[in-house]
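# Report on the structure
Each chain, letter by letter, is given below.
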2 protein chains.
Amino acid sequence: MRDLARAVNLQGGSLYAHIASKEEVLFELVNRAADQFLSVAQAIPEDLPAKERLTRLVRAHLQVIARELDNATVFFHEWKFLRPELQEKIKARRDEYEGHFRQIIEAGVKQGEFEVEDVRLAALFVLSALNWTYHWYRPEGKLTLEELAQAYSNLILRTLGTKAA
Amino acid sequence: MRDLARAVNLQGGSLYAHIASKEEVLFELVNRAADQFLSVAQAIPEDLPAKERLTRLVRAHLQVIARELDNATVFFHEWKFLRPELQEKIKARRDEYEGHFRQIIEAGVKQGEFEVEDVRLAALFVLSALNWTYHWYRPEGKLTLEELAQAYSNLILRTLGTKAA
DNA sequence: AGGTGGCAAACAACCGTTCGTTTGAAGAAG
DNA sequence: CTTCTTCAAACGAACGGTTGTTTGCCACCT
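Here, residues in each chain are numbered from 1, in the same order as that chain's written sequence. Whichever chain is written first becomes A and whichever ligand is written first becomes 1, with later ones labelled in order. Where totals are concerned, whole chains, interfaces and linings use all residues; where local detail is concerned, this predicted model gives features only for residues with pLDDT of at least 70, and gives and counts side-chain atom pairs only at 80 or more. With hydrogens and water set aside, each side-chain value is computed from the structure's full complement of heavy atoms.

## Here we look at the interface of chain A and chain B
By a widespread convention, an interface's size corresponds to the accessible area lost as its parts come together. What counts is decided by this rule: Contact criterion: two residues are considered in contact whenever any of their non-hydrogen atoms come within 4.5 Å of each other. When two components associate, each loses some accessible surface as probed by a 1.4 Å sphere; the sum of these losses over both components is called the buried area. The salt bridge definition used is simple: a Lys or Arg side-chain nitrogen within 4 Å of an Asp or Glu carboxyl oxygen. N or O atoms within 3.5 Å of each other form a polar contact, as long as, within protein, one can give a hydrogen and the other can take it, and as long as residues adjacent in sequence are counted only when both atoms are side-chain atoms. Labels follow the DSSP assignment, with helices taken as runs of H or I lasting at least four residues and strands as runs of E lasting at least two, numbered in each case from the N terminus. Residue polarity follows a fixed list, in which Ala, Val, Leu, Ile, Met, Phe, Trp, Tyr, Cys and Pro are nonpolar, Asp, Glu, Lys and Arg are charged, and the others, Gly among them, are polar.
Chain A puts 26 residues into the contact, and the matching count from chain B is 26 residues. Roughly 2400 Å² is buried in total at the junction of chain A and chain B, and carbon and sulfur atoms are behind 70% of that figure. Broken down residue by residue, the surface that chain A buries against chain B is led by Phe-125, Trp-132 and Arg-158 of chain A, which jointly contribute 31%. At the boundary of chain A and chain B, one finds 0 salt bridges. Joining chain A to chain B, the criterion identifies 8 residue pairs in polar contact (both at pLDDT 80 or more). Mapped by element, the contributors of at least two residues to the side of chain A that touches chain B are helix 4 (69-77), helix 6 (119-131) and helix 7 (145-159) of chain A. When the residues that make up the side of chain A that touches chain B are grouped by side-chain class, the tally is 17 nonpolar, 6 polar and 3 charged.

See below:
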């Protein structure tokens, strides 16, 4: 907390004129990260072909991670240390986000664009591969975000059993 | 440290008759986790078809994660808090392990079993999807480890552009 | 006799948070 | 235009507790 205070030129205790507790700050942080993911997902038009929607979602997801590397790291881990009640709120939003992936895959299967046995597991697989990027991706590295998004999209489309290249 | 001590029926300070520091314990933990991953990878015969080798490696990887859920969690995260010198040792072993994936994919491409543009990125993608399982997989859940390994192997083979089903 | 392993106590540093007080600016009253 | 009041924001010290580690001492086994 004293580090946090120093970052805004305050004394440790002075923070508590603005916040209720350290946990409140953590929740706010994690919750806003959830906002980011959800809002980009909701911005994708539903009337596009599943392949296109998925490609866009992949790019958007990677963009959010890259743009908020630190927040994403906290988002993926630290929510487990919230009290159960707050944890549930985060879990609900995470599940909602996961639902976007499932829904797109589901739609693609129905349209004959994808061929997937277990939609739930496939969505989890894809999200797993995407989420891990926060471990190693650095915007200042060799790989452009656009290049990464392109390459990962291709891999993911094949994972989901797309026919065309 | 006092929790650790209680787990072996000792007083907090008594630990220091056996260990040098908390960091030493962390390193030992993380390093032994690396042992687990590396040893199962090295146990896979090199003269098998790439598809078979990869399937075995996937199953073995998931088995290690499932068997040592807690250790795996620490392995994936906590090594970042070691001093740089020890971090490098872990990184080296992690890279060696990643090399197994790369090598198998590379071999598969040469044999015409796989079709992959960027071997390095493909290996990273596969490992990412596998590693994330520690976040959600619980051995006591509905999904058998064997079922998970089977399903993930199929997805991964498609990711790598395998022809046959 | 010597070394090992254990204990209890203590160490300094740090943790999240509270407390009484000071500051400075805005608004009301004269 | 001044004076007085109000109020939020910040300070700095302190609280009780925890952290990783060190110390001196005693008991046991060789």
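## A few points about the layout of surface pockets
Heads up, the condition is: Of the grid points, spaced at 1 Å and generated over the protein atoms alone, those admitting a 1.4 Å probe that cannot get out make up cavities, while open sets with protein on both sides within 12 Å along at least five of seven lines make up pockets; any residue with an atom within 4 Å of a point is treated as lining. Grid points are joined across faces, edges and corners, and a volume is the space filled by probe spheres set on the points.
Approximately 820 Å³ is the volume found for the second largest pocket. Arg-94, Asp-95, Glu-98 and Leu-124 of chain A together with Trp-136 of chain B are, among the 31 residues lining the second largest pocket, the residues nearest its centre. Going through the elements one at a time, helix 2 (22-42), helix 4, helix 5 (84-110) and helix 6 of chain A are the ones with two or more residues in the lining of the second largest pocket. Sorting elements by how many residues they give to the lining of the second largest pocket places helix 5 of chain A first, with 8 residues. Here the lining of the second largest pocket is built from residues that sort into 15 nonpolar, 5 polar and 11 charged.

## Some details on the UniProt feature "domain: HTH-type transcriptional repressor KstR2 C-terminal" (unreviewed entry) in chain A
We apply this condition: UniProt positions are given in the numbering used here, feature names are shortened, and annotations may be inferred rather than shown by experiment.
According to UniProt, the "domain: HTH-type transcriptional repressor KstR2 C-terminal" (unreviewed entry) feature falls on residues 48-160 of chain A. Helix makes up 73% of residues 48-160 of chain A and strand 0%, whereas the separation of the span's terminal C-alpha atoms amounts to 17 Å.

## Description of the protein's contact with DNA strand D
Rule in force here: Here a residue counts as near a molecule or strand whenever at least one of its heavy atoms sits within 4 Å of it.
Around DNA strand D, the structure places Arg-2, Leu-10, Gln-11, Ser-14 and His-18 of chain A together with Met-1, Arg-2, Gly-13, Tyr-16, Ser-21 and Lys-22 of chain B. Sugar plus phosphate: this is where 52% of the atoms of DNA strand D within 4 Å of the protein reside. Between DNA strand D and Ser-14 of chain A, the relevant distance is 3.1 Å, taken from a phosphate oxygen to a side-chain nitrogen or oxygen of the residue. Side-chain polar atom of Arg-2 of chain B to a base oxygen of DNA strand D: 2.7 Å apart, as the coordinates give it.

## Examining the packing of aromatic side chains
Residues and elements named next belong to chain B. Note the following rule: Pairing of aromatic side chains requires ring centres within 6.5 Å, counting the rings of Phe and Tyr and the six-membered ring of Trp. Pairs whose planes differ by under 30 degrees are stacked, by over 60 edge-to-face, and all others tilted. For every residue, the accessible area obtained with a 1.4 Å probe (protein chains only) is divided by the maximum for its type, and the residue is called buried under 20%, exposed over 50%, and partly exposed between those limits.
Scanning all chains against the criterion turns up 20 aromatic pairs over all chains. A centroid spacing of 6.2 Å and a plane angle of 40° characterise the contact between Phe-37 and Phe-76, whose relative ring orientation is tilted. Taken together, the residues Phe-37 in helix 2 (residues 22-42) and Phe-76 in helix 4 (residues 69-77) connect sequence positions 39 residues apart. Each member of the pair, Phe-37 as well as Phe-76, carries the same accessibility label: buried. Between Phe-75 and Phe-76 the ring centres are 5.5 Å apart and the planes differ by 50°, which places this aromatic pair in the tilted class.

## Section: the pattern of salt bridges
The full count for this structure, using the stated rule, is 22 salt bridges over all chains. Salt-bridge contacts for Glu-98 of chain A lead to Arg-102 of chain A; the nearest nitrogen and oxygen are separated by 3.4 Å. Residue Glu-98 of chain A and its partner Arg-102 of chain A are located together in helix 5, separated by 4 residues, close to a single helical turn. With a closest N to O distance of 3.6 Å, Arg-32 of chain B and Glu-28 of chain B form a salt bridge. Of this pair, Arg-32 of chain B and Glu-28 of chain B are both found in helix 2, 4 residues apart, which corresponds to roughly one turn of the helix. Its relative accessible area of 52% is what places Arg-32 of chain B among the exposed residues. The partly exposed category is assigned to Glu-28 of chain B, whose relative accessible area is 34%. In this structure, a network of salt bridges that share partners links the residues Glu-23, Arg-83 and Glu-85 of chain A.

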